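# Notes for the structure review
So you can see what is in the structure, the chains are spelled out below.
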Amino acid sequence: MTEHLLKNGKTLTLRKPTKQDAAAMIAYLNQVGGETDFLLVGKNGCRFTVEQEEAFIESINANENSIMLLGFVEDELVSISTLSTPCNPRMAHNAELAISVKQAYWNAGVGSYVMQTLIQFATHNPTITCIHLGVYEQNKRAQALYEKFGFQQYGYYAHKFIVNGIYHDEILMNLYL
């Protein structure tokens, strides 16, 4: 567990999830999905059951090359992030990064602190040599965050997402450690 003072004067606490967090995580994902079109799910779009989310938590916590972090301000879940690696030994050096933050905490420093923490985890893990992610082409705020931490664009996926009948392209980015 780590703590960080945010720009708004509040304290962000990061910790790994437990099975008891599953219901709160589903509720969080259903809420943040309605706050932006730049996530994989829309409002109330998370269709996992509590049991499925518990199983996912157990699987990521069991993988020593992966980490999930929940960000709390007081008792409010304000961020979920993952750095996950495949179990295939030929691909385990590649970690995929995903970060979400509640809109009320945008521009407070949550994303930067989470990013710093995930990259630190990866650099202390000799298996991981590359972190990759995909980001909506229109999500300039996220792209700026990733570039700030050294991510570089390496590819492009046309029409990756469809939101309200409109196709959106994805920018693929890597950080080599």
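The structure under discussion appears in the preceding block.
Residues numbered from 1 in each chain as written. Predicted model: local features only at pLDDT ≥ 70, side-chain atom pairs only at ≥ 80, totals over all residues. Heavy atoms only, no water.

Looking now at the overall build of the chain. Scanning the chain from N- to C-terminus turns up four helices and eight strands. Listed N to C, the secondary structure of the chain is β-β-α-α-β-β-β-α-β-α-β-β in terms of helices and strands. Its C-alpha atoms give the chain a radius of gyration of 16 Å, within 12% of the compact-globule value 16 Å for 177 residues. Dimensions of the chain, computed from the C-alpha atoms along their principal axes, are close to 40 × 40 × 35 Å. A burial count over the chain gives 45% of its 177 residues as buried. Residue pairs in contact within the chain that sit at least 24 positions apart in sequence constitute 59% of those at least 6 positions apart. Carbon and sulfur atoms make up 52% of the accessible area of the chain, which amounts to about 9,800 Å² in all. Here the chain contributes 13 positively and 17 negatively charged side chains, and the mean placements of these two sets differ by 3 Å. (Helix = DSSP H or I, 4+ residues; strand = E, 2+ residues; numbered from the N terminus. Rg over C-alpha atoms; globule rule 2.2 N^0.38 Å. Buried < 20%, exposed > 50% of the residue type's maximum accessible area, 1.4 Å probe, protein only. Contact = heavy atoms within 4.5 Å. Areas by Shrake-Rupley, 256 points an atom, 1.4 Å probe, with all protein chains shown as cover. Lys, Arg positive; Asp, Glu negative; His and termini not counted. Charge placed at Lys NZ, Arg CZ, Asp CG, Glu CD.)

Attention now moves to the pattern of salt bridges. Counted by the stated rule, this structure contains four salt bridges. Lys 19 serves as the salt-bridge partner of Glu 58, at 3.4 Å between the closest nitrogen and oxygen. With a gap of 39 residues between them, Glu 58 in helix H2 (residues 50-62) and Lys 19 in the loop between strand E2 (11-15) and helix H1 (22-32) connect regions that are remote in the sequence. By relative accessible area, which is 43% here, Glu 58 ends up partly exposed. Take Lys 19: its relative accessible area is 37%, and that puts it in the partly exposed class. Residue Glu 170 pairs with Lys 160 through a salt bridge whose shortest N-O separation is 3.3 Å. Of this pair, Glu 170 sits in strand E8 (residues 166-176) while Lys 160 sits in strand E7 (residues 152-163), and the two are ten residues apart along the sequence. In this structure Lys 160 comes out as partly exposed when scored by relative accessible area, which is 37%. (Salt bridge = Lys/Arg side-chain N within 4 Å of Asp/Glu carboxyl O.)

Another aspect to go through is the environment of Ile 128. One can find Ile 128 in the loop between helix H3 (110-123) and strand E6 (130-136). The class for Ile 128 is buried, based on a relative accessible area of 4%. Through-space distance from the C-alpha of Ile 128 to that of Met 91 is 9.5 Å; in sequence the pair is 37 residues apart. In this view, Ile 128 contacts Asn 65, Leu 83, Thr 85, His 93, Ala 95, Phe 121, Ala 122 and Leu 177; residues no more than four positions away in its chain are not counted.

In this section: the nonpolar core. Counting 32 residues, the largest nonpolar core has Leu 83, Leu 97, Ile 131, Tyr 146 and Phe 151 as the members making the most contacts within it. At the level of elements, E2, strand E3 (67-73), strand E4 (76-84), strand E5 (94-101), H3, E6, helix H4 (140-148) and E8 are the ones that each hand at least two residues to this core. If you look at the next biggest cluster of nonpolar residues, it comprises eleven residues, including Ala 22, Tyr 28, Val 32 and Phe 72. (Core = buried A, V, L, I, M, F, W, Y, C linked by side-chain atoms within 4.5 Å.)

Let us now look at the environment of Asn 125. With respect to the helices and strands, Asn 125 occurs in the loop between H3 and E6. Overall, Asn 125 belongs to the buried group, its relative accessible area being 8%. Beyond its immediate sequence surroundings of up to four residues, Asn 125 is in contact with Glu 64 and Asn 65.

Relative to the helices and strands, Lys 102 is located in the loop between E5 and H3. A polar contact of 3.2 Å, which involves the side chain of Lys 102, links it to the side chain of Glu 76. Separated by 3.3 Å, the side chain of Lys 102 and the backbone oxygen of Leu 77 make a polar contact. (Polar contact = N/O pair within 3.5 Å; in protein donor to acceptor, adjacent residues only side chain to side chain.)

What is shown is where atoms sit, not what they do.
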